[in-house]
Amino acid sequence: MPNTITDIKNRAFYGCTGLTELTIPCSVKSILDNVFTGCQNLATITVEQGNTVYDSRDNCNAIIRTADNTLLQGCQNTVIPNSVNVIESKTFYNCKKLKTINIPAGVTAIGQMAFYGCSELEIIKTYITEPFEIDNNTFSNNTTFLSNVVLQVPHGCIAKYQAQNGWKKFTNIEELGKCATPKVSIKNGKFHFECETEGVDYHANIETPASFVTNGNDINVPAMCVVTVYASKEGLEDSDVSIVEVDIRGIKGDVNEDGKVSITDAVSVVNIILNGGEATAAPALNEPEEAGHVPE
């Protein structure tokens, strides 16, 4: 699409089944309704950086109206960002190759026929804890579709969805489950937490006589400590707890002269035990002669 285009008119690409990739240039300031409806093979959508009206933030493979965080057009590979508030009408209309979709907790409205014709949908995950009514045609009126697709809802919210028009048509409604147990590793002298469940908050506690500093997902590693950490996310049960026991000997001070006293200044690691967690290999440690001191 040339960068001289400023407006994309109604139904401009309607039913273009051969369209697989789409780039919206910075020049585009207006996209009307039903422009890409029926483009069932569309797999990649990108809005060029610098467009002041639309964006495809977080590589989401979608078109979002920036001013009000409204998702206007999706495709088979769309990942709806957590910042989206509204899913517009016919956003995924007839997107037959869409297999699964995650609807973030912050979505407050889903338009008519937003997912109509998505006949291959297998799993719909919604993180909305206070569901609102949707039209009966937002997804489908087809009883076979409604009995085959699985609607996964936040923990404790099944009854709420069963009471709301549009949602209650689904035969298979189940809870999303719980957060995955965090994995704990030691990177650059700090504990680092990772979780297979995206967008979680980490809750860590360190029992140690030494002081420690937190920095996002990282915590400086003292010589001897016990770390417990679990993950949480709105709509999910809290994860199981990972327990880490660390016993590091031979730290004499700032051996590396990097302004920090941490595991990388140790001569030896006596013990790192992970119960319920997982660790990557410990970092390479200085040999005594390189460190300039004799180990205890």
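A brief look at the structure comes next. Sequence order as written defines the numbering, with residues in each chain counted from 1. Only residues with pLDDT of at least 70 are given local features in this predicted model, and only at 80 or more are side-chain atom pairs given and counted; all residues enter the totals for whole chains, interfaces and linings. Excluded from the side-chain calculations are hydrogens and water; all other atoms, namely the structure's heavy atoms, are used.

## A few points about unusual backbone geometry
With a phi close to 55°, asparagine 69 is a non-glycine residue in the positive phi region. Residue methionine 113 is not a glycine yet carries a positive backbone phi of 55°. Working definition: helices are DSSP H or I runs of at least four residues, strands are E runs of at least two. Numbering for both runs from the N terminus. Relative to the helices and strands, methionine 113 is located in the loop between β10 (109-110) and β11 (123-126).

## A word on the sheet that holds strand β13 (residues 172-175)
Two strands pair if DSSP finds at least two bridges between them. Taken in spatial order, the 4 strands line up as β9-β11-β12-β13 in an open sheet, and their pairing is parallel. The strands lining the two open edges of the sheet, one partner per strand, are β9 (100-103) and β13. Going from strand to strand, the sheet's axes swing by 20° on average, the running direction of each strand aside. Pairing between strand β12 (residues 150-153) and β13: 4 bridges, direction parallel. Bridged to glutamine 152 within β13 is glutamate 174. Only the stretch in contact is used when a helix axis is fitted, and all axes are lines through C-alpha atoms; the angle between N-to-C directions ranges over 0 to 180 degrees.

## Some words on the packing of aromatic side chains
Here a pair means two rings of Phe, Tyr or Trp (six-membered ring of Trp) with centres within 6.5 Å. Their orientation is stacked below 30 degrees between planes, edge-to-face above 60, and tilted elsewhere. Counting across every chain of the model gives 8 aromatic pairs. Between phenylalanine 13 and phenylalanine 36, the aromatic rings sit 5.3 Å apart at their centres with planes inclined by 15°, giving stacked as the arrangement. With a gap of 23 residues between them, phenylalanine 13 in the loop between β1 (7-8) and β2 (21-24) and phenylalanine 36 in the loop between β3 (30-31) and β4 (44-47) connect regions that are remote in the sequence. Note on classification: 1.4 Å probe, protein chains only; a residue is buried when its accessible area is under 20% of the maximum for its type, exposed when over 50%, partly exposed between these limits. The exposure class assigned to phenylalanine 13 is partly exposed, which follows from its relative accessible area of 23%. With a centroid separation of 5.8 Å and an interplanar angle of 50°, the aromatic rings of phenylalanine 139 and tryptophan 167 are classed as tilted. Of this pair, phenylalanine 139 sits in the loop between β11 and α1 (143-148) while tryptophan 167 is found in the loop between α2 (158-162) and β13, placing the two residues 28 residues apart along the sequence. Owing to a relative accessible area of 3%, phenylalanine 139 belongs among the buried residues under this scheme.

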